[in-house]
Amino acid sequence: MTQPDAAEPGGPSPTVSPEARTLLHRLVRGERVGRSEPGCTELIALGLAVHEPHNDRWTVADLHHAEHSAMAEERASIGRHLQRMEQLDALYRDLRAYESPAGSGIEFLDRVEDVNAAIMQAADFAQTHMYTAHPISRRPEGLSAVIPREIRLLARGITRRTIYPESARARPAEQEWAATMSGHGAEIRTLASDFERMILVDRGFAVISDHRDAPSRMTAFKVTHPGMVAFLLHLFEQQWERAEPWMGGRFRPQRDIVTTGRSRRILNKLREGRTLKQIASELNVSLRTVNTDLNKLYEAVGVDTLFSLGVWWGSEAAAEERKLG
């Protein structure tokens, strides 16, 4: 059996070869040995053999001292590795905020802690806006916890927009959140139809649900590819256009309002000179839907032409409707 005299990377092996054991017994008996003898380098690396320069010989080390020295070195080595791991973790967490789109630009986050950490880090680096769409109910404790952070974003001048489902108007926790955030400048709307859950920060970051199975609260995909983020922003803006403003009340104002958010957008686009076909395309709805909305307005207002409807929309009678946006 041959044991190499060189120490293993990271420190000597915590075992002793037969050659080293034989040499150690010779040192204990006081025999003179040379460094070139098999096992000597191994004993030196383990701190079990020390050199006496005054008589140029090797002797056995004090075992108590050797043990304590070896254990202290191992503990120091572990400490250095742990510190390096912490530094690497901090480095890569910082670099994720500037992740290059050279790769796929899509990262799967399999723990809710990772999802939340990615969102909070992106929010900290936000420069212009943070848009969120929440089609499912949010936990009251979670809503309360994020309010201070949300207010700080608004104080920094970040545009904050959120879409909730229409059912959120009947949930006290979301009512309170919407009222508080609206009071600090956030824009909030509700949408009666289905929409996609997403969070977007500026034009370089998005988090979307994992749809490979049933949508999950616990996992998500982080998107940093500029093309994909731009597409998701376009999707959010389409959802936003269809949604109704909300400032935390239980119901939408009912004071004889005859228009909806979409019908008001149709009327505004008609005033800008758009054709019905152009309006349908811009609102991402069918031409039939546009005509259905207009027919409801004809009946509600008591007119039967687009011209008459346009006159009504620009009149004092529709002033309150126009204020709704």
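Residues numbered from 1 in each chain as written. Predicted model: local features only at pLDDT ≥ 70, side-chain atom pairs only at ≥ 80, totals over all residues. Heavy atoms only, no water.

1. Regarding the side chain of Arg160
Stated precisely, the cut-off is as follows: The helix and strand labels rest on DSSP assignments: H or I over at least four residues marks a helix, E over at least two residues marks a strand, and numbering proceeds from the N terminus. Only protein chains enter the accessibility calculation, which uses a 1.4 Å probe. A residue is then buried if its area is under 20% of the maximum for its type, exposed if over 50%, and partly exposed in between. For the purposes of these results, a polar contact is taken to be a pair of N or O atoms within 3.5 Å, where, inside protein, one atom must be able to donate a hydrogen and its partner to accept one; residues adjacent in sequence count only when each atom of the pair is a side-chain atom. Contacts were defined at the residue level, with two residues in contact if any of their heavy atoms lie within 4.5 Å.
Assignment of secondary structure puts Arg160 in strand β5 (residues 159-165). Note on Arg160: relative accessible area 3%, which makes it buried. At a separation of 3.4 Å, a polar atom in the side chain of Arg160 contacts the main-chain carbonyl oxygen of Met130. With residues near it in sequence (within four places) discarded, Arg160 still touches Met130, Tyr131, Thr132, Glu150, Leu154, Trp177, Ala186 and Glu187.

2. Brief notes about the environment of Leu297
Structurally, the position occupied by Leu297 is in helix α10 (residues 287-301). Judged by its relative accessible area of 3%, Leu297 falls in the buried class.

3. Considering the packing of α10 against helix α11 (residues 306-313)
Heads up, the condition is: The convention used is that axes are lines fitted to C-alpha atoms, helices contributing only their stretch in contact, and that angles between N-to-C directions extend from 0 to 180 degrees. To sort the angles, those under 35 degrees are grouped as roughly parallel, those over 145 as roughly antiparallel, those from 65 to 115 as roughly perpendicular, and the leftovers as oblique. It is the rotation of the near helix from the far one that decides the hand of a crossing: anticlockwise by less than a right angle makes it left-handed, clockwise makes it right-handed. Amino acids outside the nonpolar list (Ala, Val, Leu, Ile, Met, Phe, Trp, Tyr, Cys, Pro) and the charged list (Asp, Glu, Lys, Arg) are all regarded as polar, and Gly is one of them.
Contact geometry of α10 with α11 gives a least axis separation of 11 Å together with a crossing angle of 65 degrees. The angle between the axes of α10 and α11 places the two elements in the roughly perpendicular class. In this structure, α10 meets α11 at a crossing whose hand is left-handed. Every residue of α11 that contacts α10 at Leu294, Leu297, Tyr298 and Val301 is listed here: Leu306, Leu309 and Trp312. Counted by class, the contact of α10 with α11 contains 7 nonpolar, no polar and no charged residues.

4. Thoughts on the pattern of salt bridges
Inclusion rule: Here a salt bridge means any side-chain nitrogen of Lys or Arg lying within 4 Å of a carboxyl oxygen belonging to Asp or Glu.
For the structure on display, the rule yields 18 salt bridges. In this structure, the salt-bridge partner of Glu241 is Arg265, at a minimum N-O distance of 3.5 Å. Remark: Arg265 occurs in helix α8 (residues 261-271) and Glu241 occurs in helix α7 (residues 226-242); sequence separation between them is 24 residues. Take Glu241: its relative accessible area is 37%, and that puts it in the partly exposed class. Residue class for Arg265 comes out buried when judged on its relative accessible area of 12%. In this structure, the salt-bridge partner of Lys269 is Glu282, at a minimum N-O distance of 2.9 Å. Linking Lys269 in helix α8 with Glu282 in helix α9 (residues 276-282), this pair joins segments that are 13 residues apart in sequence. Accessibility expressed as a relative area gives 17% for Lys269, which makes it buried.

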